[in-house]
Amino acid sequence: KLSLSLFDQLRDLHQLDSGDRRLLLAASILHDIGGFIGHKRHHKHALYIISHSELPGLSQNDMLMVANVARYHRKNIPRKHHQDFMSLSEADRERASLLSAILRVADALDRSHLQSVHSVQVTLQGKEISLQLDGESDLLLERWAVSRKMNLLEKVSGRKVSISF
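This report concerns the structure included in the present document. (Residues numbered from 1 in each chain as written. Predicted model: local features only at pLDDT ≥ 70, side-chain atom pairs only at ≥ 80, totals over all residues. Heavy atoms only, no water.)

Considering the overall build of the chain
- In terms of helices and strands, the chain carries 9 helices and 3 strands.
- Moving toward the C terminus, one meets the helices and strands of the chain in the order α-α-α-α-α-α-α-β-β-α-α-β.
- A globule of 165 residues ought to have a C-alpha radius of gyration of about 15 Å, and the chain, at 15 Å, matches this closely.
- Summarising its shape, the C-alpha atoms of the chain cover approximately 40 × 35 × 30 Å along the three principal directions.
- A separation threshold of at least 6 residues defines the contact pool for the chain, and within that pool the share at least 24 residues apart is 62%.
- For the chain, the exposed surface amounts to about 8900 Å²; the carbon and sulfur share of it is 50%.
- Once the 23 positive and 19 negative side-chain charges of the chain are each reduced to a mean point, those two points are 8 Å apart. (Helix = DSSP H or I, 4+ residues; strand = E, 2+ residues; numbered from the N terminus. Rg over C-alpha atoms; globule rule 2.2 N^0.38 Å. Contact = heavy atoms within 4.5 Å. Areas by Shrake-Rupley, 256 points an atom, 1.4 Å probe, with all protein chains shown as cover. Lys, Arg positive; Asp, Glu negative; His and termini not counted. Charge placed at Lys NZ, Arg CZ, Asp CG, Glu CD.)

Here's the deal with helix H3 (residues 18-30)
- With 13 residues, H3 ought to run about 18 Å at 1.5 Å a step, and its terminal C-alpha atoms sit 18 Å apart, in line with that.
- With a side-chain oxygen lying 3.0 Å from the backbone nitrogen of Gly-19, the N-terminal cap of H3 falls on Asp-17. (Expected span 1.5 Å × (residues − 1). Polar contact = N/O pair within 3.5 Å; in protein donor to acceptor, adjacent residues only side chain to side chain.)

So, the nonpolar core
- In terms of nonpolar packing, the biggest core is built from 49 residues, with Leu-6, Ile-50, Val-66, Leu-99, Leu-109 and Leu-131 touching the most fellow members.
- Take this core: its biggest share by element is 9 residues, from helix H7 (residues 90-108).
- When sequence neighbours within four positions are dropped, the list of residues in contact with Leu-99 reads Phe-7, Leu-16, Asp-20, Leu-23, Leu-24, Met-65 and Val-69. (Core = buried A, V, L, I, M, F, W, Y, C linked by side-chain atoms within 4.5 Å. Buried < 20%, exposed > 50% of the residue type's maximum accessible area, 1.4 Å probe, protein only.)

Observations regarding the packing of aromatic side chains
- Per the counting criterion, the structure on display carries 1 aromatic pair.
- With centroids separated by 5.7 Å and ring planes inclined at 80°, the aromatic side chains of Tyr-72 and Phe-85 adopt a geometry described as edge-to-face. With Tyr-72 in the loop between helix H5 (60-71) and helix H6 (83-86) and Phe-85 in helix H6, this residue pair connects regions lying 13 residues apart in the sequence. (Phe/Tyr/Trp six-rings, centres within 6.5 Å; stacked < 30°, edge-to-face > 60°.)

A closer look at the side chain of Ser-3
- Relative to the helices and strands, Ser-3 resides in helix H1 (residues 2-9).
- Residue Ser-3 is classed as buried on the basis of its relative accessible area of 5%.
- In contact with Ser-3, other than residues within four places in its own chain, are Leu-24, Ser-28, Ile-102, Leu-103 and Ala-106.

Here's the deal with the environment of Ser-137
- Among the secondary structure elements, Ser-137 is positioned in the loop between strand E2 (128-135) and helix H8 (140-149).
- Taking the relative accessible area as the measure of exposure, Ser-137 reaches 61% and is therefore exposed.
- Separated by 20 residues in the primary sequence, Ser-137 and Val-117 place their C-alpha atoms 9.2 Å from one another.

Focus on the pairing of E2
- Of the pairings in the sheet, the one linking strand E1 (residues 117-125) to E2 comprises 8 bridges and is antiparallel in character. Residue pairing across strands places Val-122 opposite Leu-131, the latter belonging to E2.
- Count of turn residues in the E1/E2 antiparallel hairpin: 2 residues, of which Gly-126 carries a positive phi of about 55°.
- Pairing of E2 with strand E3 (residues 160-164), which is carried by 5 bridges, proceeds in the parallel orientation. Of the residues in E3, the one forming a bridge with Ser-130 is Ser-162. (Pairing = 2+ DSSP bridges.)

Overview of the environment of Leu-131
- Among the structural elements, Leu-131 can be located in strand E2.
- Note on Leu-131: relative accessible area 2%, which makes it buried.
- In sequence terms Leu-131 and Arg-159 are 28 residues apart; their C-alpha atoms lie 12 Å from each other.
- Setting aside residues no more than four positions away along its own chain, Leu-131 makes contact with Leu-6, Val-105, Val-120, Gln-121, Val-122, Val-146, Val-161, Ser-162, Ile-163 and Ser-164.

What follows is the structure in structure tokens.
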């Protein structure tokens, strides 16, 4: 829910379409699937599982996009030596990076896995993306997680991200 809300509110920034939204939805649902192999490096396991799977209505390239978006929901950002990422076209690498950036922030907004953040309001002002959180308690864990995972969104958007509640 949060990843799609961010996608919709950032539409003026990313200029992606409904097909990309569908890929984000798939990646949002599947991003932690690698945990069935093991928690450590589950993002890499997710890449493998998704890229070697089929989902009705998604092409092989779509599945590779979903796999890469899920892969980068955690820690590292895409790099030139990451073979699965570099196998995408340049345009697809840009799209995957944007979608991964959105998923990373959405994942951080549910860091506790308790759905403490009920909604997020995005405001674009100049060179800043402002995220206003609505939820339970002080959202300290979620705010900390976003501060650690907003780097990719800042990189792909060329804007600073700020958080308030």
